[in-house]
Structures are given as structure tokens and as C-alpha cells.
Amino acid sequence: GWVSSRCSRCFCVTAWCAFGRTEVIDNTLNPDFVRKYILDYFFEEKQNLRFDVYDIDSKSPDLAKHDFLGQVYCTLGEIVGSPASRLEKPLGGIPGKKCGTIVLSAEELGNCRDYATMQFCANKLDKKDFFGKSDPFMVFYRSNEDGTFTICHKTEVVKNTLNPVWQPFSIPVRALCNGDYDRTIKVEVYDWDRDGSHDFIGEFTTSYKELCRGQSQLNVYEVSRDKDRNPSQSTSLHYMNPYQMNAYAMALKAVGEIIQDYDSDKMFPALGFGAKLPPDGRVSHEFPLNGNIENPYCNGMEGILEAYHQSLKTVQLYGPTNFAPVVNHVASYAAAVQDGSQYFVLLIITDGVISDMAQTKEAIVNAAKLPMSIIIVGVGQAEFDAMVELDGDDIRISSRGKLAERDIVQFVPFRDYMDRTGNHVLSMARLAKDVLAEIPDQLISYMKSRAIKPNPVPPAYSTSDHPQTNPV
């Protein structure tokens, strides 16, 4: 980005004076620039500004050697006078082309002239890369008076470690909290990716007052994934968009609408896991989505979807994420009917985070002896190496040295089925086909292992038993 301002306080009234350039952000169409600019604001004057945006292709300082993406004209008064001092305007400057939108924010600076020098380290961060470890960096945000956050600092990337130590850095206190020592400071931690699609590891909040306490146990923070656990935020995988289903609902509908055809009464128990339940806030990993412990059954896929949406309004999503209780719950149903008259399919939709891997593996090994299969659909952008291990296609799953009797788990990542043309019908049909493809063989393998033979074929249909009708 390039910022220019017209010289309104000197004699050069026809030219634009270069004021500064932002940093370059690689591989993104939605940059959030860190570098800020301090301008003297005069209410009684028209202070013209021009913002030019470029795609930087080399290290050359000559803007003519880079691709022009668009520009916008405004005044400093327009920005300051906008609601919450936030002005959003379309970029122009390229005839016949839509150039996107620029968002300009202003905030009055406090009189604080202090600088803060800080250094951060982390231990046991979440592993995001399939090969190697994470490449973590931190992003600091100042909270604004309207409840929003503005990025104010990024650390460098520390390569291939889950225990990074970042370099010390100095920052003006007014940039960090505008001189308000009690104002919230939000810190997000990401795993850097070369293509710009950095993976969210977690976040925490603090304040400058807390940071001033220095190095001690009082300044140790848990990096939490709450960003993915608040359904009211658009960043959440559970976000209830009024115009389209979220990934959980889409996966449930795609697979469930096919599976429900093989159930005679279309009544399905639907369970949630990883939430605090009302009224006392106890954490549960096996709660009925419809809120009825005595009767967790929902009528068809529509009933499950309705119960899911209602539960998001009443429970507080919360970690850790344990699979074993749900697997054991369904296994208890399957254990009661082993004569071949019923077969159970458990569909788990998850973001891939799992806190009880050992217990889950043991539960699956035990369930492999029962008439049941498990489908796992992974949503979000996490690495699903734990889910791949549970799948057992390459290496049969085992627990305490005991191999599973048969493979009963099928895992697929939902992101592989996001249709690029926007045709969700075809995309979801392909998802359902792939996750259900192994179920028939898994059912037959159980029946053969127990020497259970199919029921006799029903007598042939005879037209003589029914009156003839003329075809229309």
C-alpha cells in the first residue's frame, strides 16, 4: 500500500506528497496491514488523502515496476467522521474493473509517550504441519472503544518448533493500548504457511497492566482455541449463517439423508460432546442435542439439524474434546443386539482436535467386535493426522498391543469436498458416496465373522394375488 497526502499546510497545493508505505503482505487478497501513520488532524481544514494499492513483484522501490491494484481518494475528516471512525470505500482507478474495497480506520492518540520492550516464548504449541512441526508467529491486537480489534504488531516466524522463543521487540504503548493500561490486548498465534493460508493455533488476552508485571507465573497464558468454539462469531465452524449451512450441518445433511433410508422408524439418537451444560456449567462429552436425557432421539435429519441449532443456543462449547464417551455410548447399543438383526453406524463430525486419543483407540478396538461402523468427517483447516490414524486403512488400529478385529472407521476431510463451482449438491453427493462406500463391506465382514446368514428371500411377488389395473 502507498499513502499520499496533499500539502494543505504549504504552498504546494497541486501536488501529492508521499507520506509512507505499508509493509508487504505475501499471498493474500485480504491484507490487514500492521503499519500505522500518525497525522495531525485539523477539524477546520480539508485534509485530502490518497491511498494507492500495489501488488509487489520485486524488491524495486520504483512503483512503476509493480502492478497497480487501485486507489481511493478521501479526506481525513471523512475517516474521523465515519461511524466508529471506520471508513469503507471501493477502490477505483482501473477503468471497467472492480478493484475491491479498502477499509480505513482512525483513532485519537493518547498523550502517552512510553515504549514497551517485550519478549515472548511458548511451550507445547499445537502441531499444524503434517511433515515437521509448526512455524509459529504471534499477532497483537489493540482493542477499540467500539469493541473491535486493530492489529498493531506481528512477530517474526520461528521455523519448525512447538517451543518458540521470539526476538524481543519494542512498541509504543499508545499503539498497544492507546495509553489505557487496563484496555484488553488480544494475542493470536498462527502457524505460518508459504501460501498465506496461516493455520490458527490459538489465542489469549491480556492488558498492558498485566504485562508490566514482568516475567513470572502471573504472565503465563494458555493458548486457547476458543476462536473455533464461539458460534456467534463468523470465524467459528459452528457459526449459524442465516443464508447457508455451516460445515457441520452440511456434512450431517449430506451423509445423514442417505443413511436414514436404511432405518425403519427414522428416529436417531443425536449426541454432542465438548460443552458446558446449563444450569450448573458442568462439562459433558455425551449430551443429547435435544436436551432430553431420557429420550435423545430426533425425528429424521431435519429433527437432528433442529436439535443441533437449538443446542448451540443453550450450551457453551468447551474443551477438551473427548471421543471415547460417544463411541462407548453407541457400542453399548450395539453390544445389546449382536444377532445380526441390527447394525449401528456412528457419524462423528469434528474439527480434528482430540484430547483422549488412547481411550478412543481402545474404544474403537472394543467396538470392532460389535455390529457397528464409525464415520468421521473432519471440518475446518486443521491437520487431521489423528483422524487418519483412527481410520486404520494403512495401519490397523491397536490398543495396548491388541489389534482391532476389523476396520470399522472411515475418515474424510470435509474441505476436500468443497465444490469450486458452488454446486453444493454435487459436492455433498460425492462426500456421502465416499464416506458410505466402506459400510456394506464392514457390515458383511461382521456377519461373516459371526456366521450370521441372511434371512430367507421373501416369496416372489405374484400378480394373481392382486387385481389388475390398466396402465395410464
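Now for a quick tour of the structure. Each chain carries its own residue numbering, running from 1 in the written order of its sequence. This being a predicted model, a pLDDT of at least 70 is required before a residue's local features are given, and a value of 80 or more before pairs of side-chain atoms are given or counted; all residues contribute to the totals for chains, interfaces and linings. Each side-chain value is derived from all of the structure's non-hydrogen atoms; neither hydrogens nor water enter the calculation.

As for the sheet that holds strand β21 (residues 372–378)
Reasoning step 1: Across the sheet, 3 strands lie side by side as β20-β21-β24; this open sheet has parallel pairing. In the strand order of this sheet, the two ends are held by β20 (344–350) and β24 (409–413), each with one partner. Averaged over all adjacent pairs, the angle separating strand axes in this sheet is 15°, with direction ignored.
Reasoning step 2: Note on contacts: a residue pair qualifies if any of its non-hydrogen atoms lie within 4.5 Å across the two residues. The convention used is that axes are lines fitted to C-alpha atoms, helices contributing only their stretch in contact, and that angles between N-to-C directions extend from 0 to 180 degrees. Only DSSP runs of H or I covering at least 4 residues are called helices, and only runs of E covering at least 2 are called strands; the numbering of each starts at the N terminus. Across the sheet, helix α4 (residues 247–259) is in contact with β20 and β21; its angle to β20 comes to roughly 165°. Paired strands, in this sense, are two strands between which DSSP finds at least two bridges.

A closer look at the side chain of Asp-52
Reasoning step 1: Note that Asp-52 resides in strand β3 (residues 48–55).
Reasoning step 2: Residue burial is assigned from relative accessible area. The probe radius is 1.4 Å, only protein chains are included, and a residue is buried under 20% of its type maximum, exposed over 50%, and partly exposed in between. For Asp-52, a relative accessible area of 3% gives the class buried.
Reasoning step 3: A distance of 2.9 Å separates the side chain of Asp-52 from the side chain of Arg-50, its partner in a polar contact.
Reasoning step 4: Under this definition, polar contacts are N or O atom pairs within 3.5 Å; protein pairs additionally need one hydrogen-donor-capable and one acceptor-capable atom, and for neighbouring residues in sequence, both atoms have to be side-chain atoms. Within polar-contact distance, the side chain of Asp-52 engages the side chain of Gln-71 at 3.0 Å.

Observations regarding the pairing of β21
Reasoning step 1: Here β21 lies mainly inside the structure; 7 of its 7 residues are buried.
Reasoning step 2: Note: β20 against β21, 7 bridges, orientation parallel. Considered in β21, the bridge of Ile-349 is made with Val-377.
Reasoning step 3: For a crossover, the right-handed case is the one in which the path from the first strand over the helix to the second runs clockwise, viewed with the strands pointing away from the viewer. Viewed along the sheet, the connection from β20 through helix α7 (residues 357–367) into β21 turns out right-handed.
Reasoning step 4: Sheet topology places β21 next to β24; 5 bridges connect them, and they run parallel. Bridged to Val-377 within β24 is Val-412.

Focus: the packing of aromatic side chains
Reasoning step 1: Any Phe, Tyr or Trp ring, taking Trp's six-membered ring, that has another such ring centre within 6.5 Å forms a pair; planes under 30 degrees apart are called stacked, those over 60 apart edge-to-face, and the others tilted. Considering all chains together, one arrives at 14 aromatic pairs under this definition.
Reasoning step 2: Centroid distance Trp-16 to Tyr-73: 5.9 Å. Interplanar angle 55°. Geometry classified as tilted. Linking Trp-16 in strand β2 (residues 16–21) with Tyr-73 in strand β4 (residues 67–75), this pair joins segments that are 57 residues apart in sequence.
Reasoning step 3: On the numbers, 5.6 Å between centres and 70° between planes, the contact of Tyr-190 with Phe-200 is edge-to-face. Here Phe-200 lies in strand β12 (residues 199–207) and Tyr-190 lies in strand β11 (residues 184–191), a separation of 10 residues in the sequence.

Some details on the sheet that holds β11
Reasoning step 1: Spatially, the 4 strands line up as an open sheet ordered β9-β8-β11-β12, and their pairing is antiparallel. Whereas interior strands pair on both sides, the edge strands pair on one side only; in this sheet they are β9 (149–154) and β12. Taking each pair of neighbouring strands and ignoring which way they run, the sheet shows an average axis angle of 30°.

Re the pattern of salt bridges
Reasoning step 1: Whenever a carboxyl oxygen of Asp or Glu lies within 4 Å of a side-chain nitrogen of Lys or Arg, that contact is scored as a salt bridge. Within this structure, the stated rule accounts for 11 salt bridges.
Reasoning step 2: A salt bridge links Arg-450 to Glu-405, with the shortest nitrogen-to-oxygen separation between them at 3.0 Å. In this pair, Arg-450 sits in the segment after α10 (439–449) while Glu-405 sits in the loop between β23 (402–403) and β24, placing the two residues 45 residues apart along the sequence.
Reasoning step 3: Salt bridges sharing partners connect three or more residues here, namely Glu-107, Arg-142 and Arg-183.

What about the environment of Arg-430?
Reasoning step 1: Inspection of the secondary structure assignment puts Arg-430 in helix α9 (residues 424–436).
Reasoning step 2: A relative accessible area of 42% means that Arg-430 is categorised as partly exposed.
Reasoning step 3: Along the chain, Arg-430 and Val-255 lie 175 residues apart, while their C-alpha atoms are 9.8 Å from each other.
Reasoning step 4: When residues no more than four places from it in sequence are discounted, the contact partners of Arg-430 are Asp-416 and Tyr-417.
Reasoning step 5: Polar contacts involving the side chain of Arg-430 include one to the main-chain carbonyl oxygen of Asp-416, which spans 3.3 Å.

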